[in-house]
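One-letter residues, chain by chain:
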Amino acid sequence: MAAEVPPLEKKYVKNKISSLSAGIQVAEDEGAKRREILSHIKSVKHDGQFQLDDLEFPGGSAWFNSGPLSLSGDLRGKLVVLDFFTYCCINCMHVLPDLASLERAHPVEDGLVVVGVHSAKFLNEKVSENIENAVRRYEISHPVVNDSDIVLWNQLGVVCWPTLVVLGPSGRLLHYIIGEGHGPELALFVDTALEYYRREGSLAGGSIPGGGGRGGEGGGGVTEATPLRYPGKVVCGREEGEEKLYVSDTGHHRVVVVDRGTGAVTAEYGSGEPGLIDGEAQEARFRSPQGLVRDGDNLYVADTENHVVRKVDMGSGSVSTVTGTGVQGNDKEGGGKERLQEISSPWDLALGDSGTGGGGAVLYIAMAGTHQIWAHFLTDCTWIRGSQQERGVTVRFTGSGEEANRNNSYPHKACFAQPSGVTLTKDAGCGTIPLIYCPWKVV
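These numbers were taken from a predicted model, which means no experiment stands behind them. (Residues numbered from 1 in each chain as written. Predicted model: local features only at pLDDT ≥ 70, side-chain atom pairs only at ≥ 80, totals over all residues. Heavy atoms only, no water.)

> Just checking my understanding: could you explain the overall build of the protein for this structure?
The number of helices and strands found in the protein is 6 helices and 24 strands. The globule rule puts the C-alpha radius of gyration for 443 residues at 22 Å, and the 24 Å found for the protein is close to it. Principal-axis analysis of the C-alpha atoms gives the protein an extent of 70 × 50 × 45 Å. For the protein, restricting intrachain contacts to residue pairs at least 6 apart in sequence, the fraction spanning at least 24 positions comes to 56%. Counting every atom, the protein has about 19300 Å² of accessible surface; 49% of that belongs to carbon and sulfur. (Helix = DSSP H or I, 4+ residues; strand = E, 2+ residues; numbered from the N terminus. Rg over C-alpha atoms; globule rule 2.2 N^0.38 Å. Contact = heavy atoms within 4.5 Å. Areas by Shrake-Rupley, 256 points an atom, 1.4 Å probe, with all protein chains shown as cover.)

Okay, structure coming up:
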(Lines give C-alpha, C1' and ligand atoms only; values in the text may rest on other atoms or scores of the structure.)
Protein backbone atom coordinates (compact mmCIF):
# COMPACT_ATOMS: atom_id res chain seq x y z
CA MET A 1 0.00 0.00 0.00
CA ALA A 2 1.45 3.37 -1.02
CA ALA A 3 2.26 5.87 1.73
CA GLU A 4 -0.13 8.81 2.01
CA VAL A 5 1.11 11.97 0.33
CA PRO A 6 1.80 14.77 2.88
CA PRO A 7 -0.69 17.68 2.65
CA LEU A 8 1.74 20.28 1.25
CA GLU A 9 2.83 17.84 -1.49
CA LYS A 10 -0.68 17.12 -2.76
CA LYS A 11 -1.23 18.62 -6.21
CA TYR A 12 -4.80 19.58 -5.33
CA VAL A 13 -3.69 21.49 -2.22
CA LYS A 14 -0.80 23.14 -4.06
CA ASN A 15 -3.15 24.34 -6.79
CA LYS A 16 -5.64 25.78 -4.29
CA ILE A 17 -2.92 27.68 -2.42
CA SER A 18 -1.30 28.88 -5.65
CA SER A 19 -4.67 30.14 -6.85
CA LEU A 20 -5.17 32.01 -3.56
CA SER A 21 -1.76 33.70 -3.69
CA ALA A 22 -2.25 34.66 -7.34
CA GLY A 23 -5.69 36.07 -6.58
CA ILE A 24 -4.34 38.17 -3.73
CA GLN A 25 -1.51 39.45 -5.91
CA VAL A 26 -3.68 40.59 -8.83
CA ALA A 27 -6.57 41.99 -6.75
CA GLU A 28 -6.87 45.73 -7.29
CA ASP A 29 -7.35 46.87 -3.70
CA GLU A 30 -7.42 45.62 -0.13
CA GLY A 31 -11.14 44.94 -0.21
CA ALA A 32 -10.73 42.69 -3.24
CA LYS A 33 -7.81 40.91 -1.58
CA ARG A 34 -9.91 40.26 1.54
CA ARG A 35 -12.73 38.85 -0.58
CA GLU A 36 -10.25 36.46 -2.20
CA ILE A 37 -9.11 35.30 1.23
CA LEU A 38 -12.66 34.88 2.57
CA SER A 39 -13.68 32.91 -0.50
CA HIS A 40 -10.72 30.59 0.00
CA ILE A 41 -11.39 30.07 3.73
CA LYS A 42 -15.02 29.18 3.01
CA SER A 43 -14.03 26.85 0.16
CA VAL A 44 -11.76 24.72 2.38
CA LYS A 45 -14.10 24.74 5.40
CA HIS A 46 -15.53 21.31 4.62
CA ASP A 47 -12.79 20.07 2.30
CA GLY A 48 -11.30 16.88 3.71
CA GLN A 49 -8.02 17.46 1.88
CA PHE A 50 -7.33 20.39 4.21
CA GLN A 51 -8.26 18.75 7.52
CA LEU A 52 -5.22 17.69 9.58
CA ASP A 53 -6.65 15.54 12.37
CA ASP A 54 -3.43 13.65 13.17
CA LEU A 55 -1.03 16.61 13.07
CA GLU A 56 0.81 17.04 16.38
CA PHE A 57 4.07 18.31 17.85
CA PRO A 58 6.51 15.46 18.61
CA GLY A 59 6.44 14.35 22.22
CA GLY A 60 9.51 14.80 24.42
CA SER A 61 10.79 17.83 22.48
CA ALA A 62 12.41 20.82 24.16
CA TRP A 63 10.30 23.99 24.24
CA PHE A 64 11.36 27.61 24.69
CA ASN A 65 9.22 30.56 25.83
CA SER A 66 6.42 28.19 26.90
CA GLY A 67 5.75 24.73 28.21
CA PRO A 68 4.94 21.89 25.78
CA LEU A 69 1.92 22.72 23.64
CA SER A 70 -0.56 20.54 21.81
CA LEU A 71 -2.22 21.35 18.48
CA SER A 72 -5.20 19.19 19.39
CA GLY A 73 -5.48 20.60 22.93
CA ASP A 74 -3.85 23.87 23.99
CA LEU A 75 -4.08 25.47 20.55
CA ARG A 76 -7.58 24.34 19.55
CA GLY A 77 -9.68 27.41 18.95
CA LYS A 78 -6.62 29.49 17.99
CA LEU A 79 -5.43 30.65 14.62
CA VAL A 80 -1.93 29.14 14.50
CA VAL A 81 1.03 30.21 12.39
CA LEU A 82 3.78 27.58 12.29
CA ASP A 83 7.19 29.02 11.32
CA PHE A 84 9.43 26.22 10.06
CA PHE A 85 12.93 27.68 10.45
CA THR A 86 16.52 26.90 11.27
CA TYR A 87 18.52 29.46 13.18
CA CYS A 88 21.48 29.91 10.81
CA CYS A 89 19.32 30.63 7.75
CA ILE A 90 19.36 34.30 6.64
CA ASN A 91 15.99 33.90 4.91
CA CYS A 92 14.52 32.66 8.19
CA MET A 93 16.00 35.68 9.98
CA HIS A 94 14.32 37.97 7.45
CA VAL A 95 10.90 36.51 8.34
CA LEU A 96 11.21 37.25 12.08
CA PRO A 97 10.34 40.98 11.83
CA ASP A 98 7.17 40.04 9.91
CA LEU A 99 6.17 37.65 12.68
CA ALA A 100 6.95 40.17 15.44
CA SER A 101 4.79 42.75 13.66
CA LEU A 102 2.00 40.20 13.36
CA GLU A 103 2.15 39.40 17.08
CA ARG A 104 2.12 43.06 18.06
CA ALA A 105 -1.03 43.55 15.99
CA HIS A 106 -2.73 40.36 17.26
CA PRO A 107 -1.68 39.12 20.72
CA VAL A 108 -2.51 35.64 21.94
CA GLU A 109 -5.58 36.91 23.77
CA ASP A 110 -7.04 37.92 20.39
CA GLY A 111 -6.77 34.34 19.16
CA LEU A 112 -3.45 34.20 17.27
CA VAL A 113 -0.53 31.99 18.30
CA VAL A 114 2.77 31.89 16.43
CA VAL A 115 4.91 28.80 17.06
CA GLY A 116 8.46 28.44 15.78
CA VAL A 117 9.14 24.87 14.67
CA HIS A 118 12.92 24.64 14.64
CA SER A 119 13.87 22.13 11.94
CA ALA A 120 17.64 21.78 11.83
CA LYS A 121 19.68 21.52 8.66
CA PHE A 122 22.99 20.70 10.36
CA LEU A 123 23.80 18.52 13.38
CA ASN A 124 24.86 21.43 15.61
CA GLU A 125 21.49 23.07 14.96
CA LYS A 126 19.73 20.15 16.65
CA VAL A 127 21.27 21.00 20.02
CA SER A 128 18.67 22.59 22.30
CA GLU A 129 21.20 24.84 24.03
CA ASN A 130 22.19 26.31 20.67
CA ILE A 131 18.56 26.90 19.75
CA GLU A 132 17.88 28.54 23.11
CA ASN A 133 20.79 30.93 22.51
CA ALA A 134 19.40 31.74 19.06
CA VAL A 135 15.95 32.43 20.53
CA ARG A 136 17.57 34.89 22.96
CA ARG A 137 19.86 36.40 20.32
CA TYR A 138 17.02 37.05 17.89
CA GLU A 139 14.70 38.20 20.70
CA ILE A 140 12.01 35.71 19.69
CA SER A 141 9.16 35.84 22.20
CA HIS A 142 6.71 33.28 20.82
CA PRO A 143 6.88 29.56 21.69
CA VAL A 144 9.56 27.55 19.87
CA VAL A 145 9.82 23.75 19.72
CA ASN A 146 12.97 21.82 18.85
CA ASP A 147 11.71 19.33 16.28
CA SER A 148 15.19 17.82 15.98
CA ASP A 149 14.03 14.84 13.89
CA ILE A 150 11.85 17.07 11.62
CA VAL A 151 8.77 15.01 12.47
CA LEU A 152 6.26 17.81 11.83
CA TRP A 153 8.22 18.88 8.74
CA ASN A 154 7.77 15.40 7.24
CA GLN A 155 4.14 15.07 8.34
CA LEU A 156 3.20 18.23 6.45
CA GLY A 157 5.59 17.81 3.53
CA VAL A 158 7.60 21.00 4.09
CA VAL A 159 10.45 21.26 1.58
CA CYS A 160 12.50 24.35 2.46
CA TRP A 161 13.27 27.08 4.98
CA PRO A 162 11.43 29.22 5.85
CA THR A 163 7.90 27.90 5.39
CA LEU A 164 4.92 29.43 7.18
CA VAL A 165 1.85 27.26 7.68
CA VAL A 166 -1.47 28.75 8.85
CA LEU A 167 -3.92 26.48 10.67
CA GLY A 168 -7.52 27.34 11.52
CA PRO A 169 -9.17 27.00 14.97
CA SER A 170 -10.21 23.41 14.20
CA GLY A 171 -6.74 22.43 13.00
CA ARG A 172 -7.58 22.79 9.34
CA LEU A 173 -4.84 23.82 6.89
CA LEU A 174 -5.70 27.29 5.59
CA HIS A 175 -2.59 28.60 3.86
CA TYR A 176 1.14 28.14 3.52
CA ILE A 177 3.84 30.51 2.32
CA ILE A 178 7.34 29.51 1.23
CA GLY A 179 10.29 31.87 1.49
CA GLU A 180 10.78 35.44 2.69
CA GLY A 181 9.29 38.71 1.53
CA HIS A 182 5.61 37.82 1.94
CA GLY A 183 4.89 39.84 5.09
CA PRO A 184 2.00 41.89 3.66
CA GLU A 185 0.23 38.77 2.32
CA LEU A 186 0.63 36.97 5.65
CA ALA A 187 -0.58 39.98 7.66
CA LEU A 188 -3.68 40.48 5.51
CA PHE A 189 -4.52 36.77 5.52
CA VAL A 190 -4.22 36.51 9.32
CA ASP A 191 -6.21 39.70 9.92
CA THR A 192 -8.99 38.55 7.60
CA ALA A 193 -9.08 35.02 9.04
CA LEU A 194 -9.23 36.27 12.63
CA GLU A 195 -12.15 38.54 11.77
CA TYR A 196 -13.96 35.69 10.03
CA TYR A 197 -13.54 33.17 12.84
CA ARG A 198 -14.35 35.78 15.49
CA ARG A 199 -17.71 36.48 13.79
CA GLU A 200 -18.28 32.75 13.45
CA GLY A 201 -17.69 32.29 17.19
CA SER A 202 -15.04 29.57 16.79
CA LEU A 203 -12.08 31.63 18.01
CA ALA A 204 -10.84 31.16 21.59
CA GLY A 205 -9.39 34.02 23.59
CA GLY A 206 -7.17 33.70 26.63
CA SER A 207 -3.51 32.84 27.08
CA ILE A 208 -1.63 29.61 26.48
CA PRO A 209 0.21 27.42 29.04
CA GLY A 210 3.52 28.93 30.09
CA GLY A 211 2.81 32.38 28.63
CA GLY A 212 4.81 33.61 25.64
CA GLY A 213 3.52 34.71 22.32
CA ARG A 214 3.69 38.50 22.54
CA GLY A 215 5.90 39.92 19.82
CA GLY A 216 8.21 42.85 20.41
CA GLU A 217 8.67 42.38 24.16
CA GLY A 218 12.00 40.58 24.12
CA GLY A 219 12.34 36.83 24.04
CA GLY A 220 14.09 33.77 25.29
CA GLY A 221 13.28 34.31 28.95
CA VAL A 222 15.11 36.48 31.45
CA THR A 223 18.65 37.25 30.38
CA GLU A 224 21.36 37.95 32.93
CA ALA A 225 23.01 41.33 32.47
CA THR A 226 26.50 40.94 30.95
CA PRO A 227 29.09 43.45 29.65
CA LEU A 228 28.62 42.04 26.12
CA ARG A 229 25.67 40.17 24.60
CA TYR A 230 26.33 37.88 21.65
CA PRO A 231 29.21 39.96 20.24
CA GLY A 232 29.43 39.35 16.49
CA LYS A 233 32.81 40.63 15.27
CA VAL A 234 36.06 42.05 16.64
CA VAL A 235 38.99 43.87 15.03
CA CYS A 236 42.29 45.02 16.50
CA GLY A 237 43.96 48.41 16.27
CA ARG A 238 46.07 51.00 18.05
CA GLU A 239 45.23 54.44 19.40
CA GLU A 240 48.01 56.69 20.66
CA GLY A 241 50.29 53.67 21.05
CA GLU A 242 47.75 51.59 23.01
CA GLU A 243 46.27 48.37 21.64
CA LYS A 244 42.50 48.42 21.27
CA LEU A 245 39.75 45.97 20.41
CA TYR A 246 36.76 47.20 18.43
CA VAL A 247 33.76 44.99 19.19
CA SER A 248 30.30 44.81 17.65
CA ASP A 249 28.20 44.18 20.76
CA THR A 250 25.44 42.74 18.63
CA GLY A 251 22.91 41.85 21.31
CA HIS A 252 23.22 45.29 22.92
CA HIS A 253 22.88 47.05 19.55
CA ARG A 254 26.08 49.03 19.94
CA VAL A 255 29.81 49.14 19.16
CA VAL A 256 32.41 49.37 21.92
CA VAL A 257 36.14 50.07 22.06
CA VAL A 258 38.05 48.06 24.66
CA ASP A 259 41.57 48.51 26.03
CA ARG A 260 43.27 45.25 25.12
CA GLY A 261 45.48 45.30 28.19
CA THR A 262 42.94 46.08 30.91
CA GLY A 263 39.67 45.01 29.31
CA ALA A 264 38.16 48.38 30.18
CA VAL A 265 35.63 49.92 27.78
CA THR A 266 37.07 53.23 26.59
CA ALA A 267 34.32 54.27 24.17
CA GLU A 268 30.75 53.30 23.29
CA TYR A 269 28.78 54.08 20.15
CA GLY A 270 25.05 53.55 20.23
CA SER A 271 22.47 54.05 22.98
CA GLY A 272 21.93 50.31 23.42
CA GLU A 273 18.37 50.55 22.08
CA PRO A 274 17.67 49.07 18.62
CA GLY A 275 16.93 51.56 15.86
CA LEU A 276 18.38 53.55 12.98
CA ILE A 277 19.42 56.98 14.20
CA ASP A 278 22.49 58.96 13.16
CA GLY A 279 24.10 61.47 15.50
CA GLU A 280 26.34 61.67 18.52
CA ALA A 281 27.76 58.50 20.10
CA GLN A 282 25.16 58.07 22.86
CA GLU A 283 22.22 59.19 20.74
CA ALA A 284 22.89 57.00 17.70
CA ARG A 285 21.15 53.65 17.34
CA PHE A 286 22.16 50.41 15.64
CA ARG A 287 20.26 47.15 15.15
CA SER A 288 22.33 43.99 15.64
CA PRO A 289 25.61 45.28 14.13
CA GLN A 290 28.11 42.71 12.86
CA GLY A 291 31.26 43.31 10.76
CA LEU A 292 33.72 46.12 11.47
CA VAL A 293 36.70 47.58 9.68
CA ARG A 294 38.85 50.54 10.67
CA ASP A 295 40.19 53.24 8.36
CA GLY A 296 42.18 55.77 10.37
CA ASP A 297 39.78 57.58 12.71
CA ASN A 298 36.79 56.05 10.92
CA LEU A 299 35.24 52.75 11.94
CA TYR A 300 32.86 51.25 9.38
CA VAL A 301 30.04 49.06 10.73
CA ALA A 302 27.86 46.49 8.97
CA ASP A 303 24.57 47.39 10.65
CA THR A 304 23.00 44.10 9.67
CA GLU A 305 19.36 44.25 10.70
CA ASN A 306 19.05 47.89 9.64
CA HIS A 307 20.31 46.87 6.17
CA VAL A 308 22.82 49.72 6.08
CA VAL A 309 26.54 50.38 6.52
CA ARG A 310 27.42 53.02 9.11
CA LYS A 311 30.52 55.13 9.76
CA VAL A 312 31.72 56.01 13.24
CA ASP A 313 33.97 59.07 13.31
CA MET A 314 35.99 58.22 16.40
CA GLY A 315 37.48 61.71 16.44
CA SER A 316 34.16 63.53 16.84
CA GLY A 317 32.11 60.58 18.12
CA SER A 318 29.44 61.03 15.44
CA VAL A 319 27.70 58.18 13.62
CA SER A 320 26.43 58.48 10.04
CA THR A 321 24.94 56.17 7.40
CA VAL A 322 27.18 55.42 4.42
CA THR A 323 24.93 53.27 2.24
CA GLY A 324 21.54 51.60 2.48
CA THR A 325 17.97 52.88 2.82
CA GLY A 326 17.19 51.26 6.18
CA VAL A 327 14.76 48.84 4.52
CA GLN A 328 15.71 45.36 3.31
CA GLY A 329 16.27 45.46 -0.44
CA ASN A 330 16.07 42.90 -3.22
CA ASP A 331 18.39 44.66 -5.68
CA LYS A 332 21.14 42.35 -6.90
CA GLU A 333 22.92 44.83 -9.18
CA GLY A 334 23.36 48.13 -7.34
CA GLY A 335 24.67 51.35 -8.81
CA GLY A 336 22.85 53.76 -6.52
CA LYS A 337 24.57 56.34 -4.40
CA GLU A 338 24.84 56.40 -0.62
CA ARG A 339 21.42 56.24 1.10
CA LEU A 340 19.56 55.82 -2.17
CA GLN A 341 20.93 52.29 -2.71
CA GLU A 342 18.99 49.49 -1.01
CA ILE A 343 21.01 46.56 0.39
CA SER A 344 20.20 43.40 2.35
CA SER A 345 21.75 42.17 5.60
CA PRO A 346 25.39 43.29 5.25
CA TRP A 347 27.36 40.96 7.54
CA ASP A 348 31.04 41.76 7.23
CA LEU A 349 33.37 44.40 5.77
CA ALA A 350 36.89 44.61 4.39
CA LEU A 351 38.83 47.66 3.22
CA GLY A 352 41.05 47.57 0.15
CA ASP A 353 41.67 49.04 -3.27
CA SER A 354 39.90 48.32 -6.56
CA GLY A 355 42.04 45.23 -7.27
CA THR A 356 42.64 46.46 -10.82
CA GLY A 357 45.82 48.43 -10.25
CA GLY A 358 43.72 51.57 -10.47
CA GLY A 359 44.00 52.39 -6.78
CA GLY A 360 41.09 53.94 -4.95
CA ALA A 361 39.57 52.99 -1.61
CA VAL A 362 36.89 50.30 -1.71
CA LEU A 363 34.76 48.91 1.10
CA TYR A 364 33.95 45.26 0.30
CA ILE A 365 30.68 44.05 1.82
CA ALA A 366 29.65 40.45 2.53
CA MET A 367 25.98 40.82 1.59
CA ALA A 368 24.47 37.81 3.33
CA GLY A 369 20.91 38.73 2.39
CA THR A 370 21.46 38.46 -1.37
CA HIS A 371 24.29 35.90 -1.27
CA GLN A 372 26.77 38.26 -2.90
CA ILE A 373 29.84 40.43 -2.31
CA TRP A 374 29.30 44.12 -2.96
CA ALA A 375 31.64 47.12 -3.18
CA HIS A 376 31.15 50.63 -1.86
CA PHE A 377 33.51 53.25 -3.28
CA LEU A 378 35.03 55.57 -0.71
CA THR A 379 36.85 57.45 -3.48
CA ASP A 380 36.57 57.78 -7.24
CA CYS A 381 38.41 54.87 -8.83
CA THR A 382 38.94 52.65 -11.87
CA TRP A 383 36.92 49.46 -11.46
CA ILE A 384 36.52 46.16 -13.32
CA ARG A 385 37.03 46.32 -17.10
CA GLY A 386 38.23 49.89 -16.80
CA SER A 387 34.89 51.32 -15.72
CA GLN A 388 34.99 54.52 -13.70
CA GLN A 389 33.15 54.56 -10.39
CA GLU A 390 32.23 57.62 -8.35
CA ARG A 391 32.70 58.06 -4.65
CA GLY A 392 29.58 56.99 -2.73
CA VAL A 393 28.33 54.44 -5.26
CA THR A 394 27.55 50.87 -4.12
CA VAL A 395 27.53 47.99 -6.63
CA ARG A 396 27.63 44.23 -6.84
CA PHE A 397 31.18 42.89 -7.07
CA THR A 398 30.55 39.16 -7.41
CA GLY A 399 27.73 36.66 -7.07
CA SER A 400 24.59 36.07 -9.12
CA GLY A 401 22.29 36.33 -6.09
CA GLU A 402 21.39 32.65 -6.32
CA GLU A 403 22.07 30.71 -3.11
CA ALA A 404 24.46 27.99 -4.26
CA ASN A 405 28.10 26.87 -4.28
CA ARG A 406 29.48 27.67 -7.71
CA ASN A 407 32.86 28.93 -8.91
CA ASN A 408 33.01 30.76 -12.22
CA SER A 409 35.46 32.77 -14.29
CA TYR A 410 32.78 35.44 -14.61
CA PRO A 411 32.32 37.10 -11.20
CA HIS A 412 28.62 37.80 -11.71
CA LYS A 413 27.89 34.13 -12.46
CA ALA A 414 29.57 32.74 -9.35
CA CYS A 415 27.29 31.74 -6.46
CA PHE A 416 27.61 32.00 -2.68
CA ALA A 417 25.46 30.89 0.22
CA GLN A 418 24.93 33.57 2.84
CA PRO A 419 28.48 35.03 2.90
CA SER A 420 29.20 36.11 6.46
CA GLY A 421 32.92 36.93 6.41
CA VAL A 422 35.22 38.74 4.02
CA THR A 423 38.91 39.61 4.25
CA LEU A 424 41.61 40.55 1.77
CA THR A 425 44.75 38.91 0.46
CA LYS A 426 47.53 40.43 -1.62
CA ASP A 427 48.04 39.26 -5.20
CA ALA A 428 51.10 40.36 -7.15
CA GLY A 429 50.18 43.00 -9.69
CA CYS A 430 46.48 43.00 -8.82
CA GLY A 431 46.23 44.79 -5.50
CA THR A 432 43.81 43.16 -3.06
CA ILE A 433 41.48 40.21 -3.64
CA PRO A 434 38.58 39.37 -1.29
CA LEU A 435 38.45 35.99 0.45
CA ILE A 436 34.92 35.00 1.41
CA TYR A 437 33.48 32.79 4.17
CA CYS A 438 30.07 31.17 3.66
CA PRO A 439 28.72 29.22 6.68
CA TRP A 440 26.34 27.13 4.56
CA LYS A 441 28.78 26.08 1.87
CA VAL A 442 32.51 25.51 1.48
CA VAL A 443 33.87 28.07 -0.97
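> What's the story with the sheet that holds strand 8 (residues 242-249) in this structure? I'm lost.
What holds strands together in a sheet is hydrogen bonding between their backbones, with the strands either parallel or antiparallel. As summarised here, the arrangement of the 4 strands in space is 7-8-9-10, forming an open sheet in which the pairing is antiparallel. Among the strands making up the open sheet, the edge pair consists of strand 7 (234-239) and strand 10 (265-269). Adjacent strand axes in the sheet meet at a mean angle of 25°, parallel and antiparallel pairs treated alike. In the sheet, strand 7 pairs with strand 8 via 6 bridges, with the strands oriented antiparallel. Among the inter-strand pairings, valine 234 is bridged to a residue of strand 8, identified as valine 247. (Pairing = 2+ DSSP bridges. Axes fitted to C-alpha atoms, helices over the stretch in contact; angles between N-to-C directions.)

> Explanation requested: empty space enclosed by the protein in the structure shown.
Any empty space left between atoms is shown by rolling a water-sized probe over those atoms. In total, this model carries 2 cavities of 30 Å³ or more according to the counting rule given. The space that makes up the largest cavity amounts to roughly 70 Å³. Residue composition of the lining of the largest cavity, by class: 7 nonpolar, 2 polar and 2 charged. Of the volumes computed, that of the second largest cavity is approximately 30 Å³. The wall of the second largest cavity is formed by Val95, Asp98, Leu164, Gly179, Glu180, Gly181, His182, Gly183 and Leu186. (1 Å grid on protein atoms, 1.4 Å probe; cavity = no way out; pocket = protein on both sides within 12 Å on 5 of 7 lines; lining within 4 Å. Points joined across faces, edges and corners; volume = space filled by probe spheres on them. Nonpolar A, V, L, I, M, F, W, Y, C, P; charged D, E, K, R; others polar.)

> What is the right way to read unusual backbone geometry from this model?
Excluding glycine, most residues fall at negative phi; most peptide bonds, likewise, are trans. Following tryptophan 161, the chain continues into proline 162 via a peptide bond in cis, with omega recorded as -20°. Following the sequence through the fold, proline 162 ends up in the loop between helix 5 (151-156) and strand 5 (163-167).

> What am I meant to see in the sheet that holds strand 6 (residues 173-178) here?
Read from one edge of the open sheet, 6 strands run 1-4-3-2-5-6, paired in mixed fashion. In this open sheet, the two edge strands, each paired with only one partner strand, are strand 1 (63-64) and strand 6. Sheet topology note: the strand 3 (residues 112-118)/strand 4 (residues 144-146) ladder contains 3 bridges and is parallel. By the bridge assignment for strand 4, valine 117 is matched with valine 145.

> Would you mind going over the pairing of strand 15 (residues 318-323) with me for this structure?
It is a general feature of regular strands that their side chains alternate between the two faces of the sheet. When strand 11 (residues 279-280) meets strand 15, the two strands line up antiparallel, connected through 2 bridges. Paired with glutamate 280 across the two strands is serine 318, which belongs to strand 15. Examined bridge by bridge, strand 14 (residues 308-313) and strand 15 share 5 bridges and lie antiparallel to one another. Along strand 15, the bridge assignment pairs valine 309 with threonine 323. Taken together, strand 14 and the strand that follows it, strand 15, pair antiparallel across an intervening segment of 4 residues, in which glycine 317 is found at a positive phi of about 85°.

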